[in-house]
Amino acid sequence: MRTQFIYGLLLYLFLLLPPVAYLLESIMITHMHMQMPLLVISGFFMGGILLKRFPRFFEKWNNNGIPGITLFLIIIIYWTIPRTMDEALTLQSIEAWKFISLPFLAGIPLRDSWRKLSKAGKNIIIVIFTVKYFGMGALYIWAEDQLCNNYLIIEQLTLGWGFITTAICLVIYLIYVFTVDPSKYE
């Protein structure tokens, strides 16, 4: 548990370094599909020690996993809005909010909630992300206007196709989950 916390903290501190943040934010797809998930992962890793130290808080606040996964979804959906991604590059306060909200309000609740959700609940979350990614991909690809002022149209198209590719991978996973019985292979 402590090792995971250290790895999460080191990842978080690495992502905070100005050259690293600038590099990841300089390309639209790495900003959305690399920096933001890595921030969530850093919070996920750091969350283990918090869950161990404050079990009553998480039991009381997130007993069945639904409040935590709802907070996770709200934060993730907020950060997929083109304007918020754009403002993170121009406003220091929004940039700071990104580095606080993704690890601590998305990563930690995800770690606490995921183990509490049923298999059906987990699949529902994956279906939500699949639909969201198809929708965001369509938005970024077929929008006639430039959605983010800080990125070129070609980067917008690349991000859109990245969303579509991720959604297709999630569909493949869902087909696997619904068609394969793991007990036959154990």
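Above this text you will find the structure in question.
Now for a look at the structure at hand. (Residues numbered from 1 in each chain as written. Predicted model: local features only at pLDDT ≥ 70, side-chain atom pairs only at ≥ 80, totals over all residues. Heavy atoms only, no water.)

## Structural notes on the overall build of the protein chain
- Helix and strand counts for the protein chain stand at nine helices and zero strands.
- Listing each helix as α and each strand as β along the protein chain from the N terminus yields α-α-α-α-α-α-α-α-α.
- With respect to the three principal axes, the spread of C-alpha positions in the protein chain is 45 × 40 × 25 Å.
- Each of the 186 residues in the protein chain was classed as buried or not, and the buried ones make up 43%.
- Relative to all contacts within the protein chain whose residues are 6 or more apart in sequence, the contacts with residues 24 or more apart total 76%.
- Total accessible area computed for the protein chain in this model is approximately 10,800 Å², and 70% of it derives from carbon and sulfur atoms.
- Charge centroids of the protein chain, computed over 14 positive and 11 negative side chains, lie 17 Å from each other. (Helix = DSSP H or I, 4+ residues; strand = E, 2+ residues; numbered from the N terminus. Buried < 20%, exposed > 50% of the residue type's maximum accessible area, 1.4 Å probe, protein only. Contact = heavy atoms within 4.5 Å. Areas by Shrake-Rupley, 256 points an atom, 1.4 Å probe, with all protein chains shown as cover. Lys, Arg positive; Asp, Glu negative; His and termini not counted. Charge placed at Lys NZ, Arg CZ, Asp CG, Glu CD.)

## Concerning the pattern of salt bridges
- Under the criterion given, the structure shown has five salt bridges.
- Between Arg115 and Asp112 there is a salt bridge whose closest N-O contact spans 3.1 Å.
- The partner of Asp112 in a salt bridge is Lys116, with the nearest N and O atoms 3.1 Å apart.
- Looking at Asp112, the relative accessible area reads 0%, which means it is buried.
- Judged by relative accessible area, Lys116 falls into the partly exposed class, the value being 25%. (Salt bridge = Lys/Arg side-chain N within 4 Å of Asp/Glu carboxyl O.)

## A few points about the side chain of Arg111
- Of note, Arg111 is situated in helix 7 (residues 92-114).
- One buried charged side chain, Arg111, makes no salt bridge at all; its nearest oppositely charged neighbour is Asp112, positioned 8.2 Å away.
- Here the side chain of Arg111 touches Gln4 through a polar contact of 2.7 Å, side chain to side chain. (Polar contact = N/O pair within 3.5 Å; in protein donor to acceptor, adjacent residues only side chain to side chain.)

## Concerning the nonpolar core
- Counting 39 residues, the largest nonpolar core has Phe72, Met85, Leu102, Phe129 and Tyr140 as the members making the most contacts within it.
- Apart from the residues within four sequence positions on either side, Leu102 is in contact with Met36, Leu39, Val40, Ile75, Ile76, Trp79, Trp97 and Gly107. (Core = buried A, V, L, I, M, F, W, Y, C linked by side-chain atoms within 4.5 Å.)

## Remarks on a nonpolar patch on the surface
- Taken together, Ile6, Tyr7, Leu9, Leu10, Leu13 and Leu16 make up a surface patch of nonpolar side chains, about 540 Å² in accessible area.
- Relative to the helices and strands, Leu9 is located in helix 1 (residues 2-16).
- Overall, Leu9 belongs to the partly exposed group, its relative accessible area being 31%. (Patch = residues over 30% accessible without salt bridge, like charges linked within 9 Å, V, L, I, M, F, W, Y side chains within 5 Å.)

## Focus on the packing of helix 1 against helix 2 (residues 18-25)
- Viewed as axis vectors pointing N to C, helix 1 and helix 2 meet at an angle of 75°, and their least axial separation amounts to 5 Å. Judged by the angle between their axes, helix 1 and helix 2 are roughly perpendicular. In this structure, helix 1 uses Phe14, Leu15 and Leu16 to contact helix 2, whose residues at the interface are Pro18, Val20, Ala21 and Leu24.
- Residue composition of the contact of helix 1 with helix 2, by class: seven nonpolar, no polar and no charged. (Axes fitted to C-alpha atoms, helices over the stretch in contact; angles between N-to-C directions. Parallel < 35°, antiparallel > 145°, perpendicular 65-115°, else oblique. Nonpolar A, V, L, I, M, F, W, Y, C, P; charged D, E, K, R; others polar.)

## Describing the packing of helix 6 (residues 82-90) against helix 7
- Taken N-terminus to C-terminus, the directions of helix 6 and helix 7 make an angle of 115°; their axes are 6 Å apart at the nearest point. With respect to each other, helix 6 and helix 7 are oriented roughly perpendicular. Two packed elements cross with a definite hand, and for helix 6 against helix 7 that hand is left-handed. From helix 6, Thr84, Glu87, Ala88 and Thr90 reach across to helix 7, where they touch Gln92, Ile94, Glu95 and Lys98. (Left-handed = near helix turned anticlockwise from the far one by under 90°.)

## Observations concerning helix 7
- Taking 1.5 Å of rise per residue, 23 residues should cover 33 Å, and helix 7 covers 32 Å from first to last C-alpha, within 8% of that figure.
- Along helix 7, the sharpest kink reaches roughly 35°, centred on Ser101 and followed within four residues by the proline Pro103. (Expected span 1.5 Å × (residues − 1). Bend = angle between axes of the 7 residues up to and from the residue.)

## A few points about the environment of Ile6
- Note on placement: Ile6 falls in helix 1.
- For Ile6, a relative accessible area of 41% corresponds to the partly exposed category.
- Taking the C-alpha atoms as reference, Ile6 lies 11 Å from Gly43; in sequence the two are 37 residues apart.

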